[in-house]
Amino acid sequence: MESMDNYTQVNKELAEKYGERAFMYTEYPHKKFWSKKFDDTDYRTVLKNIDNNNSPILLYLHIPYCQQLCWFCTCHLWITNNYEKVKQYLELLICEIKLYHNFLEENSIVLNIQEIHLGGGSPTYLKKEEFIRLIQELKSIVNFKNIHEFSIEIDPRRINKEMLLFYHEMGVNRISFGIQDFDPKVQKAINRIQPAHLTSDLLTGDVRRYFHSINFDIICGLPNQTPESIRKTMESVVEMSPDRVCLNYLHISNNFAPHQKLLEKNSELPNLLERKSLFHVAQEVLLNGGYLRTGYDHFAKPNDGVALSMEKKTMAWNALGYTPGECTEVLGLGVHSYSNLNGINYSQNIFEELEYSKALKNKKFPIFRGYQLKKDDIIRRDVINSLRSYFNVNFCEIEQKHKIDFKKYFKNEIQRLYPFMDDGIVTLSEDIIAITELGKVFTDRVCQNFDSFIEQ
């Protein structure tokens, strides 16, 4: 692996040239291009079409409440220490579950749900009584005998081993820890004091036996992060030995998350070049620790399901990260959550609790916007997913799947890649576009070249 000095030296010019942020492409096209005219009526049509599509579905439930605001966060969340508000939201979520139950029963539809994910916010905010109630309600639309993965996002500051064992008893078999960074200076700067022992103390032998996969979320680009500090954090990560690591870049969105301005109150944020250098150091520690890079910003142990699926080229990418690909369709419940159904239909729920409540009281699915993919969208989505997941796209695979001539179809896009080739970011052979090791940190910009919704 090249030295940090060479890496920094090479990338300084490229960071300035390709530095503007591109979409993460958790879906294509991006949500900003979805239509707000898409409503309850359109969504019911989508659900009715599920009857003819028996693809496995991942059920996502959004619990938006947290007890404390982390200043880096761009999740859709609300802060409260009043647990009654959490219980009130749970009642609304149950109303949405019942709405689905009634609709599915009336139309003789059986959802092929095989995975469940609880995210937020902090789904660990729910106490045992409310968690049990939620599971009981879900049984009206989920056959739990068919669930092979049930995951929940964990806040190590507000959980104990007893609660983890309770989750196991309730069927949870995968847990994802919000770590971000173990350095005390960084934690103070992001308003998330979380000593490393809080996590390591939870990962006892029996906990590891009960959960078949453990994930850590880490962020590159936080205030006070240095190459030395993130190296120590990642060495601690490797020592704690999670099965997967999500190594995200800090995303700044002051319009959506104005609280992020607090990050720069007492310290300066790393610039683009520094963020990419931090990623490089973190990646180096993970690779030396035996992890494989599974897509743009994820890593996994060689025997983990994601790593094995990457080798088989069945790995899937969605808003929850990279998955082994058993469930490529998503059904989202709760505020802000989004769905991807029938392979061509996107939709997203209402953001605000009051509007969410009004829709449910009127027996309407709480849809905020949606989009139905056209053939061109599907082709481009496959190209972008291949680049983001495997750092290459094989022309023959796309041609066989979609019955097109790749070079003719993407003539302009290929021409626009020439500057990337000159800069050593991509290579172009007779039938493959490949992103180089140097170019991997600019993968999102290469993907953007195939996005027909934005000006190139």
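Residues numbered from 1 in each chain as written. Predicted model: local features only at pLDDT ≥ 70, side-chain atom pairs only at ≥ 80, totals over all residues. Heavy atoms only, no water.

Observations concerning the overall build of the protein chain
The helix and strand inventory of the protein chain stands at 18 helices and 19 strands. If you line up the protein chain on its principal axes, its C-alpha atoms span 60 × 55 × 40 Å. Burial status across the protein chain gives 57% buried among its 456 residues. The contacts in the protein chain between residues at least 6 apart in sequence include a share of 72% that link residues at least 24 apart. For the protein chain, the exposed surface amounts to about 20100 Å²; the carbon and sulfur share of it is 48%. With 55 positive and 60 negative side-chain charges, the protein chain shows a spacing of 3 Å between the two charge centroids. (Helix = DSSP H or I, 4+ residues; strand = E, 2+ residues; numbered from the N terminus. Buried < 20%, exposed > 50% of the residue type's maximum accessible area, 1.4 Å probe, protein only. Contact = heavy atoms within 4.5 Å. Areas by Shrake-Rupley, 256 points an atom, 1.4 Å probe, with all protein chains shown as cover. Lys, Arg positive; Asp, Glu negative; His and termini not counted. Charge placed at Lys NZ, Arg CZ, Asp CG, Glu CD.)

Some words on the sheet that holds strand β18 (residues 426-428)
Sheets are built from strands paired through backbone hydrogen bonds, the pairs being either parallel or antiparallel. Read from one edge of the open sheet, three strands run β17-β19-β18, paired in antiparallel fashion. Looking at which strands have only one partner, the edges of the open sheet turn out to be β17 (392-394) and β18. Shown here is a sheet whose adjacent strand axes are inclined to one another by a mean of 15°, direction ignored. Bridge analysis of β18 against strand β19 (residues 432-435) gives three bridges, and the strand direction is antiparallel. Looking at β19, one finds that valine 426 is bridged to isoleucine 435. Against the sheet, helix α13 (residues 375-390) contacts β17 and β19, and its axis sits at roughly 135° relative to β17. On the sheet, helix α14 (residues 395-402) packs against β17, β18 and β19 and is oriented at approximately 50° with respect to β17. (Pairing = 2+ DSSP bridges. Axes fitted to C-alpha atoms, helices over the stretch in contact; angles between N-to-C directions.)

Regarding the confidence of the model for the protein chain
Confidence in the prediction of the protein chain, expressed as mean pLDDT, is 93, and 96% of residues score 70 or more. Of the regions scoring below 50 in pLDDT, residues 1-10 engages in 16 contacts with residues more than four places distant in sequence or in other chains. (pLDDT = per-residue confidence, 0-100.)

Remarks on the nonpolar core
Judged by nonpolar contacts, the single largest core of 119 residues is most densely connected at Leu61, Phe131, Tyr167, Ile175, Met234 and Phe406. Of all hydrophobic cores here, the second largest spans 13 residues; its members include Trp71, Phe72, Cys73 and Val186. (Core = buried A, V, L, I, M, F, W, Y, C linked by side-chain atoms within 4.5 Å.)

Focus: the packing of helix α4 (residues 128-138) against helix α5 (residues 161-169)
It is at 12 Å that the axes of α4 and α5 come closest, and there the two elements cross at 15°. Comparing their axes, α5 and α4 come out roughly parallel. Considering the relative orientation of α4 and α5, their crossing is right-handed. On α5, the residues touching Lys128, Phe131 and Ile132 of α4 are Glu162, Met163, Phe166 and Tyr167. Tallied by class, the residues present in the contact of α4 with α5 amount to five nonpolar, no polar and two charged. (Parallel < 35°, antiparallel > 145°, perpendicular 65-115°, else oblique. Left-handed = near helix turned anticlockwise from the far one by under 90°. Nonpolar A, V, L, I, M, F, W, Y, C, P; charged D, E, K, R; others polar.)

A closer look at the packing of aromatic side chains
Taken as a whole, this structure holds 33 aromatic pairs when the rule is applied. Ring centres 5.4 Å apart and planes at 65° place the aromatic pair tyrosine 65 and tryptophan 78 in the edge-to-face group. Placement of the pair is tyrosine 65 in strand β2 (residues 65-66) and tryptophan 78 in strand β3 (residues 78-79), with a sequence separation of 13 residues. Here tyrosine 65 and tryptophan 78 have matching classes, each one buried. When the ring of tyrosine 409 is compared with that of phenylalanine 410, the centres are 5.0 Å apart and the planes differ by 65°; the resulting orientation is edge-to-face. Overall, tyrosine 409 belongs to the partly exposed group, its relative accessible area being 31%. Every member of this aromatic cluster is reached through a ring pair, and the members are Phe23, Tyr25, Tyr28, Phe33, Tyr371 and Phe453. Residue placement shows lysine 440 over the ring face of phenylalanine 391; its charged tip is 4.6 Å from the ring centre. (Phe/Tyr/Trp six-rings, centres within 6.5 Å; stacked < 30°, edge-to-face > 60°. Lys NZ or Arg CZ within 6 Å of the ring centre and 35° of its normal.)

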